[in-house]
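Topology and contacts: notes
For reference, the chains in residue letters:
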There are 2 protein chains.
Amino acid sequence: MIVSAVNPSDDGRTVKFLLKESDIPTAWYNIASDLPFPLDPPLNPQTMQPLGPADLAPLFPMELIMQEVSTAPVIDIPGEVLDAYRLYRPSPLFRARRLEKALGTTARIYYKYEGMSPVGSHKANTSIAQAYYNKREGVRRLATETGAGQWGSALAMASAMFGLECSVYMVKVSYEQKPYRKALMQAYGADVTPSPSPKTNSGRAILAKSPQSPGSLGIAISEAVEDAATHDDTKYSLGSVLNHVLLHQTVIGLEAQQQMAMAGEQPDVVIGCFGGGSNFAGLAFPFLKPALAAGKAAGRSTGSAAASVGPRIIAVEPAACPSLTRGVYSYDFGDTACIAPVAKMYTLGHDFVPAGIHAGGLRYHGAAPMVSALYHHGFIEARAVKQLATFEAATLFTRAEGILPAPESAHAIRAAIDVALEAKATGSSPAILFGLSGHGHFDLGAYQAYAAGKLEDYEHPQDEIDRALAALPKVSD
Amino acid sequence: MIVSAVNPSDDGRTVKFLLKESDIPTAWYNIASDLPFPLDPPLNPQTMQPLGPADLAPLFPMELIMQEVSTAPVIDIPGEVLDAYRLYRPSPLFRARRLEKALGTTARIYYKYEGMSPVGSHKANTSIAQAYYNKREGVRRLATETGAGQWGSALAMASAMFGLECSVYMVKVSYEQKPYRKALMQAYGADVTPSPSPKTNSGRAILAKSPQSPGSLGIAISEAVEDAATHDDTKYSLGSVLNHVLLHQTVIGLEAQQQMAMAGEQPDVVIGCFGGGSNFAGLAFPFLKPALAAGKAAGRSTGSAAASVGPRIIAVEPAACPSLTRGVYSYDFGDTACIAPVAKMYTLGHDFVPAGIHAGGLRYHGAAPMVSALYHHGFIEARAVKQLATFEAATLFTRAEGILPAPESAHAIRAAIDVALEAKATGSSPAILFGLSGHGHFDLGAYQAYAAGKLEDYEHPQDEIDRALAALPKVSD
């Protein structure tokens, strides 16, 4: 399997671990099969009773609904999905020797790079799968929302590949301020609507109350869900949070495991940036298997992250949207209009409006239920980092390694650097693996603002978070 | 060598030909060794006498000067350059099955994709080599020019990797209209100056005459050359045109040859977009070897492209900057201020100002002397395509293959599609190979304008070209 023979003593050199095409995983890893604790079911937003597959049928094709609730250990990747993955997979894993040198650290730093996909991020891993299953079940059109545009462009690409129409509700302020992402979606043939829009009841209600509303991800989700629910030929597609989305992303971690083996080691620390959770879960879940198995064998439902089997797993979120580190573990709506399913998750409240940081992909009030449960049960750690510190880390990384990271990915870089510097201070030499989820070629406006000294740090005061949390739905146990 | 076993009868599927890291070429191909005709030497711009290595020493490190005039068949790639290449090489070669299907063509279409480099284009292949040789010879700073920013960002990245300072003179209109490319260069630590600038005599002369000058590539070259010539610790670096730059790009064609062999065939047609010539030459030169050898063996200096040995080789230039198809083969200055070396090349005249098309990387009045000579002697073909037709081709390609091409690369796509459609009309089934030199993630403004119907075609009237050609220098034979 080792196609790259590099002398590990060649300090400062690029080291890339390349898989063969036949090493692309042929099945996704389903972490649900390994959980030593039960998951709280999602609820119907009207009745607040557990959702059944029939409740989800207007929104998703049956195969994805089945994946959402599956407890099978693995789920085969269909041939057509693998064919499309081959456009950009397997993705490379690098040892960041130049960064290590710049830090003077005793740690070994590895990163798994998803930025070579045609849309520049990991989002294609699930958009391709979702478009495929929808096409197979006769769906004609997909509706979705997008904030900064990363997910919208991934679904637009996959829809073009499988011959589906694609309607994207794009948060209005991004639609106006980031015309380039819109142009990318349109180049793929997608129909892009600024949200809130007059196309849906949810949109019209917001516009009636607030004609100048800049929109939000929560509102756009409401519109896309309503669009799908009210059109027979249309389904809804989500780019994060849901179990089946996290499942599709596990190709990242499964490849990374093979590549770390090529490097001749196991990571001591695995780090991913965290918004909804799909990139983080995709990298981390396969590495959680031993800790979960140990928990199951011992009849324990908790991991006590620090002392458990396997690597430390760290989710890194923005200090400006700290759902894991400052939110509560509670049932909450996934959207603003309260029409999307209700999930048990870490949340800042569905009315919470995160500060306008440039890592748009991490600005979501909630957190994937699966990741939330793992965090609640102590199998993973979380930390929040501030915006300026992430751009500082990104700039250091760019100059050392040559790759300009997406602002989202920069959160993982920040934490990886911090762990490496801690190692330097204590004289330890851990192997650190982090996920570089995408390139920053679409985010140069943010880098420009950073270079000009125009970026700010922001942490929401506690009373603001408390106000949003007060709107959590009441759920009887 | 074959790591991707794909059934060629699987119509409509992605087919990627992946090399192993050990298949990255370890030497560049030097076409100078195979030419069956003599090359006209470059001239000193003051004396109009042939240039010697000493004339070039203020501008380039000696190793690059030696490469410029070398007639060795191959030139070894230094280990440190190979190490940096491993960041993104080997690059993939794809069979465009989805595009073939969309066209209903009997042709087989392959493309070599250079967009996975950290700067999104092939330019890194030479920026890394140039930064390395400069560093090795003790240079502290590099000066260069850039138009749209593709070359400037590639040199900025390479300079950061090898610890050099990098000063980029960026055409003022691009500096103001394309702040994102500037931000990328600055993220790599480069110093970016709008040109014309008050930093140089050339810049001051232009500003005195025309304070609002929007700048041009020719002016920016003058400034960068002057900067290097007047600072002992600084050398000049050029992203195209020169022999050593074309040499470094041959890794593209050398890899593509291995990959076409994996696909089990030889291309019948090789197509590259053409501006200065580096991307075109990088892909095409290795494929010219048999035709040149046949010419040499037969004592012929001409190729008569259509009937020669090996594939048809087609350079595709913009109709708005048609140096090969409407220029003349003559000695001309490489820059506007007439301080850069004078080269025998196809040119529209150093005063020619091409229309403002979005393929900024192809807007150069001249053409690489090596490519010019091959065209003059009939070893390659050239065609010009209009802007709207290139964006139409790019959009078709994007929706079929998933990758959004750079506007420059779209010229090659347009020609590949045209050749494929000609094949459909005649019932032939050629194997077409084209170069996809970069992704279009930096060029979404152009796609936006295209989608909005705001792009135009432009062809310069003959009298405009004649006026520019009247300024060609007089050279006594």
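Residues numbered from 1 in each chain as written. Chains lettered and ligands numbered in written order. Predicted model: local features only at pLDDT ≥ 70, side-chain atom pairs only at ≥ 80, totals over all residues. Heavy atoms only, no water.

1. Side note on a nonpolar patch on the surface
Residues and elements named next belong to chain A. To be explicit about the condition: Patches in this entry comprise residues that are over 30% relatively accessible and not in a salt bridge; like charges within 9 Å are linked, as are nonpolar side chains (Val, Leu, Ile, Met, Phe, Trp, Tyr) within 5 Å. A 1.4 Å probe and the Shrake-Rupley method give the accessible areas. Residues count as covered only by the protein chains that appear here. Salt bridge, as used here: a side-chain nitrogen of Lys or Arg that lies within 4 Å of a carboxyl oxygen of Asp or Glu. A helix here means a DSSP run of H or I that spans at least four residues, while a strand means a run of E at least two residues long, and both kinds are numbered starting from the N terminus. Burial classes: relative accessible area under 20% of the type maximum marks a residue as buried, over 50% as exposed, and values in between as partly exposed (1.4 Å probe, protein chains only).
There is a patch of nonpolar side chains on the surface, built from Met-62, Met-66 and Val-69 and spanning about 260 Å² of accessible area. Structurally, the position occupied by Met-62 is in helix H2 (residues 62-69). Of the residues examined, Met-62 reaches a relative accessible area of 35% and is grouped as partly exposed.

2. Description of the sheet that holds strand E4 (residues 93-95) of chain B
Residue and element names in this part refer to chain B. Threshold: For two strands to be treated as a pair, DSSP must find at least two bridges joining them. A fitted line through C-alpha atoms serves as each axis, taken over the contacting stretch for helices, and the angle formed by two N-to-C directions is quoted from 0 to 180°.
The strand order across the open sheet built from seven strands is E1-E4-E5-E15-E10-E11-E14, with neighbouring strands paired in mixed fashion. The strands lining the two open edges of the sheet, one partner per strand, are strand E1 (15-17) and strand E14 (381-385). Taking each pair of neighbouring strands and ignoring which way they run, the sheet shows an average axis angle of 25°.

3. Things to note about the nonpolar core
The tendency in soluble globular proteins is for nonpolar side chains to be buried side by side. Counted only if it meets this: As used here, the term nonpolar core means buried Ala, Val, Leu, Ile, Met, Phe, Trp, Tyr and Cys residues forming a set that is joined through side-chain atoms within 4.5 Å. In this description, contact between two residues means that some pair of their heavy atoms is separated by no more than 4.5 Å.
Grouped together as the largest cluster of nonpolar side chains are 174 residues, with contacts concentrated most on Ile-271 of chain A together with Ile-271 of chain B. Beyond its immediate chain neighbours, meaning those up to four positions away, Ile-271 of chain A contacts Leu-283, Ile-314, Val-316, Ala-412, Ala-415, Ala-416, Val-419, Ile-432, Leu-433, Phe-434 and Gly-435 of chain A. Residues Tyr-29, Met-260, Phe-379 and Ala-431 of chain B belong to the second largest nonpolar core, which totals 44 residues.

4. Remarks on the pairing of strand E10 (residues 269-273) of chain B
All names here are of chain B. The element E10 is extensively covered by neighbouring structure, given that five of its five residues are classed as buried. Residues Val-269, Ile-271 and Cys-273 line one face of E10 and the alternating positions Val-270 and Gly-272 line the opposite face, and both faces are buried. Summarising the sheet, E10 and strand E15 (residues 431-436) pair through three bridges and their orientation is parallel. Opposite Val-269, over in E15, you have Ile-432 as the bridge partner.

5. A word on empty space enclosed by the protein
So the rule is basically this: Put plainly, a pocket is an open set of points on a 1 Å grid over the protein atoms alone with protein on both sides within 12 Å along at least five of seven lines, a cavity is a set where a 1.4 Å probe fits but cannot get out, and a lining residue has an atom within 4 Å of a point. Grid points are joined across faces, edges and corners, and a volume is the space filled by probe spheres set on the points. When residues are grouped by polarity, Ala, Val, Leu, Ile, Met, Phe, Trp, Tyr, Cys and Pro land in nonpolar, Asp, Glu, Lys and Arg in charged, and all others, Gly among them, in polar.
In total, this model carries eight cavities of 30 Å³ or more according to the counting rule given. Residue lining of the largest cavity: 26 residues in total, with Leu-18, Pro-90 and Pro-92 of chain A together with Leu-18 and Pro-90 of chain B positioned closest to the centre. Tallied by class, the residues present in the lining of the largest cavity amount to 16 nonpolar, three polar and seven charged. Contributing to the lining of the second largest cavity are 19 residues, with Gly-115, Met-116 and Ser-117 of chain A together with Gly-115 and His-439 of chain B lying nearest its centre. Looking at the lining of the second largest cavity, its residues break down into eleven nonpolar, eight polar and no charged.

6. Considerations on the confidence of the model for chain A
Residue and element names in this part refer to chain A. What counts here: Known as pLDDT, the predictor's per-residue confidence is scaled from 0 to 100.
Summing up the model confidence of chain A, the mean pLDDT is 93 and the portion of residues at 70 or higher is 96%. Of the regions scoring below 50 in pLDDT, residues 1-12 engages in 24 contacts with residues more than four places distant in sequence or in other chains. Predicted complex metrics record ipTM = 0.92 and pTM = 0.94.

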